[in-house]
Amino acid sequence: MRPDLPKYKTSDEVDFVIVGSGAAGGIMAKELSTNGFRVVVLEQGPYLTEADFGHNEVKILAQDFLTNHPKLQPNTFRKTPDDKAKPQRTVVYGRLVGGTSVHFTANFWRFHEIDFIERSKIGSIAGSTLVDWPITYADLEPYYTKVEWEIGVSGLAHASPFDPPRSKPYPMPPLPTKGSGVLFEQAARKLGWHAFPAPMAILSQPRTGRSACINCGFCLAFGCEVGAKSSSLAAAIPVAEKTGRCEIRPNSYVHRIEVDSNGRAIGATYFDEKRNVHLQKAKAVVLCANGAETPRLLLLSANKQFPNGLANSSGYVGKNLMLNGGGISFGVFEHPVNDYKGFAVSRILHDFYENDPQKLGFYGGGGIDARYDLTPIGFAMGALPPGSPRWGKGYKDLLAHNFQRTFEVFSHTTSLPIENNSFSLDPDVTDAWGLPALRMTYKDHPDDIKFARWLNERGLQLLDAAGAQRKWSFPIDEQVFAVHLLGTCRMGNDPKTSVINKDHRTHDVKNLFLCDGSSMVTSGRGQPTMTIEALAFRAADRITDLARRNEIA
Amino acid sequence: MRLFHRLDSPFPLDLSFPRGLQSLQFLVPLRTTMKNNLSRRNFLSQGCSSLSAVWVSAHFPAMLSAARHARESAQSATPKLGFFTPEQADEIDAITSRIIPSDGTPGAHEAGVVYFIDQALTTFAVEEQVHYREGLPEVAARTKELFPSIEKFSSATPEQQDEILASFDEKMPAQRRPNRPRAGGQNFFETMRSHTIIAFLLDPDSGGDPNGTGWKVLGRERSHMFQPPFGYYDQNYAGWQPVPDGTRKSKS
């Protein structure tokens, strides 16, 4: 039963307006409304429910039913600031209530201690703006635990010898072990590595009115019809709405944060579904629009007082973009693995999370997982070995033989922060609302490529040790496509080299807060959502504290 | 996969689609359950796992029109076509039947792929009509060029048909295709190939071939709910055990 939901007037100055309802925004809404504040969440996408989700690959994957649409919201791409950007789809994110947490894989590793202090440990790296976080793993640990218990994560505590300390076990056991997980674990053991049950933000047991995973086999890219995937839509927004203080306002595309003459944010201006413009007033504004749209919104909000964009005195808004790297290797096995059944990942390993750049010859760290995340059509389009027939009898025979016998070993790696790598406003291309399109500038650090290739070799080693009859990898080259959107409004103590302080407050605007992938200082080893959510819980605590002490407005 | 670009999907909600006796048997208890104010989620939480197919059929009824059209058209004496003429449909059927042939197991023809594409081109893939408008005359031209005595593609032998199609597929190894690259050939071929694969493999419960022909060929079970063990390798798995040396290893 959905409670009676408040409908705030736009002229009604609510306590907080939150822009975005994804991994961070959903939790921010839950926490702030639970703490007694009046909250409006402005979400550019529609409010879909479980009943709207399905397994139609054309609708979901080709027609962007759940994601940002390349025709309405074009992107442009260039490798360096000297190039002219060309229209090209570069960014995919969830565009609906719940954001990308609706369709993600739900791999839910915590960051380790090293991710927060790596600059101090290994020193500077040429070509990178790598710095330490202003907070440590210990600061975030209680909030990781909160995510696991309040949002719902399955896993086995202390299973990996490389795991960081934790204050509490997981609230529920790991999901079942897939065939890929069994083979991966056996192979790792042979190689002296330590595979362990993957922590996943998917319920292995029914919990708070949500179903356990039914192993339907349509997970990555799809919304969960039974609420087992711990998206903000399933796990956070219902709690926020239940407070009676939170209004989720879908189809509301925010394009400007308004500031008064004192440099104080007064609310968010947005297009409604019919493209009428409204200003939702609020005492404070929290941007959780993701690592692409948050910096874009700050840049779109430039005015006389803030000519380079809001909260951009550092010039770092949109800069230091990190995508995470990685490699994908496929293996074909003698017997049916049937890895299409179930969620994507059941085993991972962190033996190469932390490495000595002196010994290796380059910087980098990562994790490896065994997975299957392809739909039947996706498999037929892209998962046969190189050189296979593409049509005809040979093609059909190979599909019939390989479909049940294939899985992937996926390695996930670091991206170094680089000032030139960024999101900015395209000077020429506009979106369907007439606003400057999102422009991505990106060129991987050479160490990122080297390490991704090195770790991918470990993946191939695993497939060998697992007894794959055939194995191959996708080539690893410079990335031009972004899913993890990190570092673009980074957190720091120094207002000259960061956008927000460790309370997630912008250095320049007292009542403007940012929390999402853009807040990150380093990229972790490839699975950022758990940390985005832990940051959101922590930020909500900090913001609540400031508000109660009357230190915001 | 960027194949269809339109946002709006015209597939109407259709509850009347026949799903076979097995599903219908279970529909009654499910409906009763729903009436008792148990939500679908609670229903699932209680572990009624064997009813998955039913639950899926009752609750994912959307987007079945193309498949239904494909089935009805295939079964009716005078197939209903929205975009292709009957003659064009014969050609498309012949082409898709070389992309996924029927050879011991059913292929594109048995899955009614041509009818799915026909429906798609008048609904959610209107923008791709152009590939067919330009491609079909090109198929006729190449047929004539390669085999002057053959009237049309669908009258050629399978071997001849493969040779004609290979002339479009410039990604084929050179020795296996007639050397006649021509602008747009690959484009048409890729469109045909993609559409054939999609029509063959789209979830039979979400708008794909309702007989699940393609999934049977893959060995993909029709259900949308599974229980471990899933396959050969996990059937006797004893459960996770720590590696005996479970201490922190020195880093590489």
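Residues numbered from 1 in each chain as written. Chains lettered and ligands numbered in written order. Predicted model: local features only at pLDDT ≥ 70, side-chain atom pairs only at ≥ 80, totals over all residues.

### Digging into the overall build of chain A
- Tallying secondary structure elements over chain A gives 13 helices and 17 strands in all.
- By the compact-globule yardstick of 24 Å for 553 residues, chain A fits well, its C-alpha radius of gyration being 22 Å.
- Along the longest, intermediate and shortest principal axes, the C-alpha atoms of chain A span 70 × 55 × 50 Å.
- Counting over 553 residues, chain A shows a buried share of 62%.
- Counting only contacts in chain A whose residues sit at least 6 apart along the sequence, the fraction spanning at least 24 positions is 75%. (Helix = DSSP H or I, 4+ residues; strand = E, 2+ residues; numbered from the N terminus. Rg over C-alpha atoms; globule rule 2.2 N^0.38 Å. Buried ≥ 20, exposed ≤ 12 C-beta atoms within 10 Å, placed from the backbone. Contact = placed C-beta atoms within 7 Å.)

### Let's talk about helix 12 (residues 446–465) of chain A
Residue and element names in this part refer to chain A.
- Helix length check: helix 12, at 20 residues, gives a terminal C-alpha distance of 29 Å against a target of 28 Å (1.5 Å per residue), a fit within 8%.
- Along helix 12, the positions that sit buried rather than exposed are Asp447, Asp448, Phe451, Ala452, Trp454, Leu455, Asn456, Arg458, Gly459, Leu462 and Leu463.
- Check the buried side of helix 12 and you find it contacts helix 5 (179–191), strand 10 (325–332), strand 12 (366–371), strand 13 (406–413) and strand 16 (470–473).
- Positive backbone phi, at 90°, marks glycine 467, one or two positions downstream of helix 12. (Expected span 1.5 Å × (residues − 1).)

### Quick word on the sheet that holds strand 14 (residues 422–430) of chain A
Residues and elements named next belong to chain A.
- With mixed pairing, the four strands of this open sheet are ordered in space as 4-3-15-14. One side of each edge strand has no neighbouring strand; the edge strands of this open sheet are strand 4 (86–87) and strand 14.
- In terms of strand pairing, strand 3 (residues 75–78) meets strand 4 through two bridges, oriented antiparallel. Note on strand 4: the bridge partner recorded for threonine 76 is proline 87. (Pairing = 2+ DSSP bridges.)

### Let's talk about the environment of A:Val131
Residue and element names in this part refer to chain A.
- For valine 131, the location among the structural elements is in the loop between helix 3 (113–122) and helix 4 (137–152).
- Residues valine 131 and glutamate 118, 13 residues apart in the sequence, show an inter-C-alpha distance of 7.6 Å.
- Those residues in contact with valine 131 that sit more than four places away from it in its chain are Arg119, Gly492 and Val521.

### Quick notes on the packing of helix 5 (residues 86–99) of chain B against helix 6 (residues 113–122) of chain B
Residues and elements named next belong to chain B.
- Interhelical geometry of helix 5 versus helix 6 gives an angle of 120° and a closest axis separation of 9 Å. Taken as axis vectors, helix 5 and helix 6 run oblique relative to one another. For the crossing formed where helix 5 meets helix 6, the hand is right-handed. On helix 6, the residues touching Ala89, Ile92, Asp93 and Thr96 of helix 5 are Val113, Val114, Ile117 and Asp118.
- Among the residues forming the contact of helix 5 with helix 6, the class breakdown is five nonpolar, one polar and two charged. (Axes fitted to C-alpha atoms, helices over the stretch in contact; angles between N-to-C directions. Parallel < 35°, antiparallel > 145°, perpendicular 65-115°, else oblique. Left-handed = near helix turned anticlockwise from the far one by under 90°. Nonpolar A, V, L, I, M, F, W, Y, C, P; charged D, E, K, R; others polar.)

### Quick notes on the domain arrangement of chain A
Residue and element names in this part refer to chain A.
- We note that the domain assignment places domain 1 (1–104 + 109–152 + 231–316 + 488–553) and domain 2 (160–216 + 325–413 + 445–478) within chain A.
- If you average the C-alpha positions of domain 1 and of domain 2, the two centres end up 29 Å apart.
- For the side of domain 1 that touches domain 2, the secondary structure elements donating two or more residues are helix 3 and helix 4.
- For the side of domain 1 that touches domain 2, the residue count by class is nine nonpolar, seven polar and six charged. (Domains from an automatic or database assignment.)

### Considering the interface of chain A and chain B
- Contact residues are listed per partner, giving 65 residues for chain A and 59 residues for chain B.
- Put simply, the parts of the chain that give the side of chain A that touches chain B at least two residues each are helix 2 (57–62), helix 5, strand 5 (195–197), helix 9 (357–360), helix 10 (376–382) and helix 11 (392–402) of chain A.
- Classifying every residue of the side of chain A that touches chain B gives 30 nonpolar, 20 polar and 15 charged.

### Looking at helix 6 of chain B
- Burial within helix 6 of chain B is extensive, with nine of its ten residues counted as buried.
- Listed in full, the buried residues belonging to helix 6 of chain B are B:Val113, B:Val114, B:Tyr115, B:Phe116, B:Ile117, B:Asp118, B:Gln119, B:Ala120 and B:Leu121.

### Focus on the confidence of the model for chain B
Residues and elements named next belong to chain B.
- Counting all residues, the mean pLDDT for chain B is 72, and 61% of those residues have values of 70 or more.
- Per-element mean pLDDT across chain B ranges from 24 in helix 1 (residues 21–35) up to 98 in helix 10 (residues 213–218).
- Across residues 1–65 the pLDDT falls below 50, and counting only partners more than four positions away or on other chains, this stretch makes 93 contacts in the model.
- Across the interface, the model reports ipTM at 0.94; the global pTM reads 0.90. (pLDDT = per-residue confidence, 0-100.)

### Observations regarding the pairing of strand 3 of chain A
Residues and elements named next belong to chain A.
- Residues of strand 3 alternate between two faces, with Asn75 and Phe77 on one and Thr76 and Arg78 on the opposite face, all of them buried.
- Judged from the four bridges that link them, strand 3 and strand 15 (residues 436–441) form a sheet pairing that is parallel. Each residue of the ladder has a partner; that of phenylalanine 77, found in strand 15, is methionine 440.

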